[in-house]
Amino acid sequence: MPAELLLTSPSVPVSRTAYWSRLLPPLAALACVTRIPSFTRPLWNPDEGYLAVQARLLAQGGELYETVVDRKPPLVPWLYEATFAVTGSGTLAGVRVLAVLAHLLTAALLASLARRRWGDRSGRTAGVLYLLISVGLNPEDAQAATFEAFVLPCAAAAMWCADRRCWGAAGTAVACAFLTKQTGGAVLLPVLWLYVAPGARRGGLGRLVAGAVLPVLGAALATDPVGFVFWTVTGSGAYATLTGSELHVLARGSVNTAIVSVACAGLIAPVARARRAPTADLWLWLLASAGAVLLGLHFFGHYYLPLLPPVALLATAALRALPYDRTVTAVLTSACVCVLFLTWGVLAPRTDLDHARRVAQAVSSRTAPGDAVLVWGIHPETYWLADRAPATRYLTAGLLTNYSGGRDGGRVGERYAVRGAWTVFRREAVSAALVVDDSRGKPYGPERVRGLRRLLSAGYEEAGTVDGAVLYVRRG
């Protein structure tokens, strides 16, 4: 389908209505096909579980950055909460549909950008190429309905608006990208470049600034301004430190870079040629997105998703100057690689999900629906699967030990926790009717965390194990 779409009337201009009526249905079909694995399991990674638990707590009256906390801006938790209000909180199908729509909107915006600059055929090429390479990561990163999936249309919208000199709308799109995930704000750099680029008409700076600033101020006021600043900006110093895990992080970065390079195998040569085209803003977009991947030095796979829209546009820019058969080759190569990633998505093992399900079943059977539970681990989805409320606002042990940063133990422990977290945790955790130690030999286990040992010894006794997780019930 992608190659056939591109080969249709490659050089004959058509009206805007006819163009989009022909292009959007195939793009929508391709977006659905490339997201089929997304719907094959209840959740893909702990980020989805974390968001699902947050949304439930918010629906029950929780307050973001107070009784519900995470190191992220508020848009995606609010999106989950709103979706659960429609679909119920027992399924992620609703947010998965929204993620498909987010990818489709991204593809359409890229197609529109490319068509405006280089013509009808380039628009089709950009939209199709983006959807084909957008699955080019580990399935738990590419198929999940998490932060980066919703950053993509915001960033693409910012570039689309800036390209048309709609500065107020461009600033608002930048703010939405930032409020989806902090690193989404990196798209501000290419937007500013388009504002100051040689030959560009000046004017609209006030609208750009207002559009970028006012939504962020509004989100801060709608939550808790102090908490908003702490949890989104100032409270992640230990999380962003590399010390002690250099080889561990380098290995992860190398693997994920290799994976995304395979996904873009058909585009690497054209992108290398794109430097000859007038695409400075697109290169800056790519470099800003790469800087966002580097920020914090974690290199998780989903961090690479924002690289893919500028890659698709740069490849499109280069392919228009090459013989048409090179475009067909690039699309067919990307389609073949896409099939490999989709197969991986369908066949990917469910080890972590199966473990979380077994633990959740044990939690459900040992507690009543109104009981609070403490799961000491990095699988917040256990709360969601068990349909039990967490005893504390800290949904993972990572916020209390820094393990959530994906480190190998060099900077893991109470001293690296979020500032003030242990004072709050000690007050809240005693309400747990059941404690699940799901550390399973990781460096944040009770033997290395004195605060958890004290909690367990003061009021709980061991009541069995489930798939390596140790259960503790309250004494008496």
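Reference entry: report on the structure contained in this document. As the structure is a prediction and not an experimental result, all values here were calculated from the model.

What counts, and where the lines are drawn
Residues numbered from 1 in each chain as written. Predicted model: local features only at pLDDT ≥ 70, side-chain atom pairs only at ≥ 80, totals over all residues. Heavy atoms only, no water. 1 Å grid on protein atoms, 1.4 Å probe; cavity = no way out; pocket = protein on both sides within 12 Å on 5 of 7 lines; lining within 4 Å. Points joined across faces, edges and corners; volume = space filled by probe spheres on them. Helix = DSSP H or I, 4+ residues; strand = E, 2+ residues; numbered from the N terminus. Nonpolar A, V, L, I, M, F, W, Y, C, P; charged D, E, K, R; others polar. Patch = residues over 30% accessible without salt bridge, like charges linked within 9 Å, V, L, I, M, F, W, Y side chains within 5 Å. Areas by Shrake-Rupley, 256 points an atom, 1.4 Å probe, with all protein chains shown as cover. Salt bridge = Lys/Arg side-chain N within 4 Å of Asp/Glu carboxyl O. Lys, Arg positive; Asp, Glu negative; His and termini not counted. Charge placed at Lys NZ, Arg CZ, Asp CG, Glu CD. Axes fitted to C-alpha atoms, helices over the stretch in contact; angles between N-to-C directions. Parallel < 35°, antiparallel > 145°, perpendicular 65-115°, else oblique. Left-handed = near helix turned anticlockwise from the far one by under 90°. Contact = heavy atoms within 4.5 Å. Buried < 20%, exposed > 50% of the residue type's maximum accessible area, 1.4 Å probe, protein only. Expected span 1.5 Å × (residues − 1). Polar contact = N/O pair within 3.5 Å; in protein donor to acceptor, adjacent residues only side chain to side chain. Phe/Tyr/Trp six-rings, centres within 6.5 Å; stacked < 30°, edge-to-face > 60°. Lys NZ or Arg CZ within 6 Å of the ring centre and 35° of its normal. Pairing = 2+ DSSP bridges.

1. Observations regarding empty space enclosed by the protein
- Applying the stated rule across the entire model yields four cavities of 30 Å³ or more.
- Counted as a void, the largest cavity has a volume near 90 Å³.
- Around the largest cavity, the lining residues are Val151, Leu152, Ala155, Thr183, Gly184, Ala186, Val187, Trp285, Ser289, Ala292, Pro306 and Pro309.
- Of all elements in the fold, only helix H8 (147–163) and helix H15 (280–294) reach the threshold of two or more residues within the lining of the largest cavity.
- Here the lining of the largest cavity is built from residues that sort into nine nonpolar, three polar and no charged.
- In this model, the second largest cavity occupies a volume close to 50 Å³.
- Taken together, Arg121, Ser122, Thr125, Thr316, Leu319, Arg320, Tyr324 and Thr327 make up the full set of residues lining the second largest cavity.

2. Points about a positive patch on the surface
- A contiguous patch of positive charge, built from Arg426, Arg450, Arg453 and Arg454, is present on the exposed surface.
- With three residues, the top contributor of residues to the positive patch is helix H22 (residues 450–459).
- Mapped onto the fold, Arg450 is located in helix H22.

3. Here's the deal with the packing of helix H3 (residues 46–59) against helix H4 (residues 75–87)
- Running from N to C, H3 and H4 point in directions that differ by 65°, and their axes come no closer than 8 Å. Taken as axis vectors, H3 and H4 run roughly perpendicular relative to one another. Here the hand of the crossing between H3 and H4 comes out right-handed. Residue-level inspection shows Glu48, Leu51, Ala52, Gln54, Ala55, Leu58 and Ala59 of H3 in contact with H4, the latter providing Val76, Pro77, Trp78, Tyr80, Glu81 and Phe84.
- Of the residues in the contact of H3 with H4, the class split is 10 nonpolar, one polar and two charged.

4. Describing the pattern of salt bridges
- One pass over the structure, following the stated rule, counts 11 salt bridges.
- For the salt bridge of Arg117 with Asp163, the shortest nitrogen-to-oxygen distance reads 3.0 Å. With Arg117 in helix H5 (residues 93–118) and Asp163 in helix H8, this pair connects stretches of sequence that are 46 residues apart.
- Judged by relative accessible area, which is 10%, Asp163 ranks as buried.
- Residues Glu428 and Arg393 are paired through a salt bridge, measuring 2.8 Å at the closest nitrogen-oxygen approach. Here Glu428 is found in helix H21 (residues 421–429), whereas its partner Arg393 is found in the loop between strand E2 (389–390) and helix H20 (398–401), with 35 residues between them in sequence. Take Glu428 and Arg393: they sit in the same class, and that class is buried.
- In the salt-bridge network here, residues are joined through shared partners; they are Arg116, Arg117, Asp163 and Asp281.

5. Re helix H2 (residues 16–34)
- Between the first and last C-alpha of H2 there are 26 Å, a value that for 19 residues agrees with the 27 Å anticipated at 1.5 Å per step.
- For H2, the complete set of buried residues consists of Tyr19, Trp20, Leu23, Pro26, Leu27, Leu30, Ala31 and Thr34.

6. Concerning the environment of Leu109
- As for its position among the elements, Leu109 is in helix H5.
- Ignoring sequence-local partners within four residues, the contact set of Leu109 consists of Pro153, Ala156, Ala157 and Trp160.

7. So, the side chain of Asp163
- Within the local environment of Asp163, its side chain forms a polar contact with the side chain of Arg117, the two groups lying 3.0 Å apart.
- Residue contacts for Asp163: discarding those within four places in its chain leaves Leu113, Arg116, Arg117 and Leu194.

8. Section: the environment of Glu63
- Looking at the secondary structure, you find Glu63 in the loop between H3 and H4.
- Sequence separation between Glu63 and Ala386 is 323 residues, and the spatial gap between their C-alpha atoms is 22 Å.
- Ignoring any residue separated from it by four or fewer positions in sequence, one finds Glu63 in contact with Leu58 and Val68.

9. Here's the deal with the packing of H2 against helix H6 (residues 120–133)
- At a minimum axis distance of 9 Å, the contact between H2 and H6 shows a crossing angle of 10°. Judged by the angle between their axes, H2 and H6 are roughly parallel. Contact residues: H2 offers Tyr19, Leu23, Leu27, Leu30, Ala31 and Thr34, while H6 offers Asp120, Gly123, Arg124, Gly127, Val128, Leu131 and Leu132.
- A breakdown of the residues in the contact of H2 with H6 according to their chemical character gives eight nonpolar, three polar and two charged.

10. A few points about the layout of surface pockets
- Roughly 1,300 Å³ of volume is contained in the largest pocket.
- Taken together, 48 residues make up the lining of the largest pocket; nearest its centre are Asn45, Pro46, Glu140, Phe300 and Ile378.
- For the lining of the largest pocket, the secondary-structure elements that each account for two or more residues are H3, helix H7 (139–142), H8, helix H13 (246–263) and helix H18 (351–366).
- Considering each element in turn, the lining of the largest pocket owes the most residues, five residues, to H13.

11. Some remarks on the packing of aromatic side chains
- Across all of its chains, the model carries 11 aromatic pairs by this definition.
- When the ring of Trp167 is compared with that of Tyr195, the centres are 5.1 Å apart and the planes differ by 75°; the resulting orientation is edge-to-face. With Trp167 in helix H9 (residues 167–180) and Tyr195 in helix H10 (residues 188–196), this residue pair connects regions lying 28 residues apart in the sequence. This pair shows no difference in class: Trp167 is buried, exactly as Tyr195 is.
- Aromatic side chains Phe230 and Trp231 sit 5.3 Å apart centroid to centroid with 90° between the ring planes, which places their arrangement in the edge-to-face category. You'll find Phe230 and Trp231 in the same group, each marked buried.
- Taken together, the aromatic side chains of Trp376, Trp422 and Phe425 make up a single cluster linked through ring pairs.
- Here Lys72 stacks its cationic end above the ring of Phe147, 5.1 Å away from the centre of that ring.

12. Examining the pairing of strand E5 (residues 469–474)
- Two strands pair when backbone bridges link them, and strand E3 (residues 434–437) and E5 are joined in this way by four bridges, in the antiparallel orientation. Across the sheet, Asp437 pairs through a bridge with Val470, a residue of E5.
- Inspection of the sheet shows strand E4 (residues 460–466) paired to E5 by six bridges, in the antiparallel sense. Opposite Thr465, over in E5, you have Val470 as the bridge partner.

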